[in-house]
Amino acid sequence: MGGCKAKTAPGVPVTPQSSYTGPITIDPVTRIEGHLRIEVEVENGKVKRAYSSSTLFRGLEIILKGRDPRDAQHFTQRTCGVCTYTHALASTRCVDNAVGVHIPKNATYIRNLVLGAQYLHDHIVHFYHLHALDFVDVTNALKADPAKAAKIASSISPRKTTAADLKAVQDKLKAFVASGQLGPFTNAYFLGGHPAYYLEPELDLIATAHYLEALRLQVKAARAMAVFGAKNPHTQFTVVGGVTCYDALTPKRIQEFTDLWKETKAFVDEVYIPDLLAVASRYKDWTQYGGTTNFITFGEFPKDEYDLNSRFFKPGAVFKRDFQNIKPFDPMQIREHVRHSWYEGAEARHPWKGATEPKYTDLHGEDRYSWMKAPRYMDDPMETGPLAQVLVAYAQGHKQVKAVTDTVLGALGVGPEALFSTLGRTAARGIETAVIAAQMEQWLNEYKDNIASGDNKIVEPWEMPKQAEGVGFVTAPRGGLSHWIRIEDGRIGNFQLVVPSTWTLGPRCANNKPSPVEEALVGTPVADAKRPVEILRTVHSFDPCIACGVHVIDSQTNEVHKFRIL
């Protein structure tokens, strides 16, 4: 599994390239959470250099100082409204760790099940509603033959799809176009056609139909989270020492969760994965673009909260794509750089010694261009997220991940090296979803067996120490998330959030090493400088969450928008 590029299969379209040389700015990047500006320098139709600039500052770490450590989760999960539970979990885990409490087995099961539902929700929404329009030309679906499309849909999925179903979607789309309002599809790059889109009309129609269906389906996964979590977004069931959802112990509640999980899993197996393979098979040239070099995952879904290696997905780090030498994860090797960020100083600090002291200069003033910090591991930028988790698990011989990954690679006719790319990152998100959806059945069964044995304990008592340090590691759907707390006199003395988007979408570090997204964009072909959809493909493949990354918008940063992108 070396670093060579995958060869494009015969007959696969190749993204066209212009001869444009000059700058391109996309501000704001939409179909993400938060405020992101991407600047690139293009030379002869390819990206030569890239800058990722987060233009939102929130200051959650400052807000938390002096508060009761138990309050942290209620503030941090308001970081954003997308993957809210992951911040509640990370904050709770970090206080669990600081006070030294070992939570009951049932609490671990419940936390894992809610996180599993979060993954299913997040990845379905990302694929269809945040990323699909980078590959799917919705208006091209108007040219499709519904009968032919139904035949294709039935050939790639066990689910029955009729021509009448797809004709109804096509008619609805025609009504949008005739009214001059494309609703959720307005202002996308595909309007007027674009040479970088090359799905046949029938696949565009199938994908559009499933885009609309997924809007309804994702509610099921969100409801599953709320069954145990009380509500969504912003779950209310986690506490230091365990969970408080005693209703989760009842057969009625467990069945409600199970039914919602089954319905969501069926969509993953019968719609999401077939669509992913169908679209990916037409864009195999995108195994050549968007790759990075180093990867890190904290693992996830523990049996023992104090043992990262007890997790279903194990932690690990990969350097220079060397899968013969998986490195163990060492939390003390993390540093956050601010040399190119809008913060005081230039010293790289470990999160327990981290400081959040904003100092806005100007865009690129003093070479500073982002509110995000720049986390580094052993001084290297690291990609985190589904691709990192799948790569590490695959290299470690994870049975389920290896089986699904080999199936996906076989269906596409590519080798593991193809994963080092924009398309590989998108495929890894689907692989991760399929594995978690299947594994949740085992967790549910183990949880029910544990309750049947008479164990109804879900929370453990503990005492707040005067002084302590703790950390909570969560591999969120977007990647490695960690919350770091220092308790002083029973209160929060310091709190730092190191989130997936800072790892992947931050700025350069003190050693001038670009972040993963800045690295990944280099070499990207741009067919139309006025509609640089290719840049969006790679940026969206990371699933940016800028609200998480830079924890009050300064009006001085408001730029005239170069593009509007849905």
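Definitions and limits used
- Residues numbered from 1 in each chain as written.
- Predicted model: local features only at pLDDT ≥ 70, side-chain atom pairs only at ≥ 80, totals over all residues.
- Heavy atoms only, no water.
- UniProt positions renumbered as here; feature names shortened; annotations may be inferred.
- Helix = DSSP H or I, 4+ residues; strand = E, 2+ residues; numbered from the N terminus.
- Buried < 20%, exposed > 50% of the residue type's maximum accessible area, 1.4 Å probe, protein only.
- Contact = heavy atoms within 4.5 Å.
- Salt bridge = Lys/Arg side-chain N within 4 Å of Asp/Glu carboxyl O.
- Pairing = 2+ DSSP bridges.
- Axes fitted to C-alpha atoms, helices over the stretch in contact; angles between N-to-C directions.

- Within an unreviewed UniProt entry, the label attached to the chain reads Periplasmic [NiFe] hydrogenase large subunit, and the organism entered is Nitratidesulfovibrio vulgaris.
- Database annotation for the chain, UniProt heading Catalytic activity (unreviewed entry): "2 Fe(III)-[cytochrome c3] + H2 = 2 Fe(II)-[cytochrome c3] + 2 H(+)".
- What UniProt states about the chain under its Subunit (unreviewed entry) heading is, verbatim, "Heterodimer of a large and a small subunit."

**Remarks on the environment of Glu357**
Then, in step 1: Relative to the helices and strands, Glu357 is located in the loop between β8 (334-337) and β9 (374-377).
Then, in step 2: Overall, Glu357 belongs to the partly exposed group, its relative accessible area being 45%.
Then, in step 3: Setting aside its immediate chain neighbours within four residues, Glu357 contacts Trp342, Tyr343 and Glu344.

**What to know about the pattern of salt bridges**
Then, in step 1: Considering all chains together, one arrives at 30 salt bridges under this definition.
Then, in step 2: Residue Glu213 pairs with Arg159 through a salt bridge whose shortest N-O separation is 2.6 Å. Taken together, the positions of Glu213 in helix α7 (residues 201-229) and Arg159 in the loop between α5 (146-156) and α6 (163-179) put the pair 54 residues apart, joining distant regions of the chain.
Then, in step 3: The exposure class of Arg159 is partly exposed, given its relative accessible area of 26%.

**Section: the sheet that holds strand β3 (residues 46-54)**
Then, in step 1: Across the sheet, which stays open at both edges, the three strands sit in the order β1-β2-β3 with antiparallel pairing between neighbours. Bordering the open sheet on either side are β1 (22-26) and β3, each of which pairs with just one other strand. For this sheet, the mean angle separating the axes of adjacent strands, direction not counted, is 20°.
Then, in step 2: Docked against the sheet, helix α14 (residues 533-541) engages β1, β2 (36-43) and β3, running at close to 130° with respect to β2.

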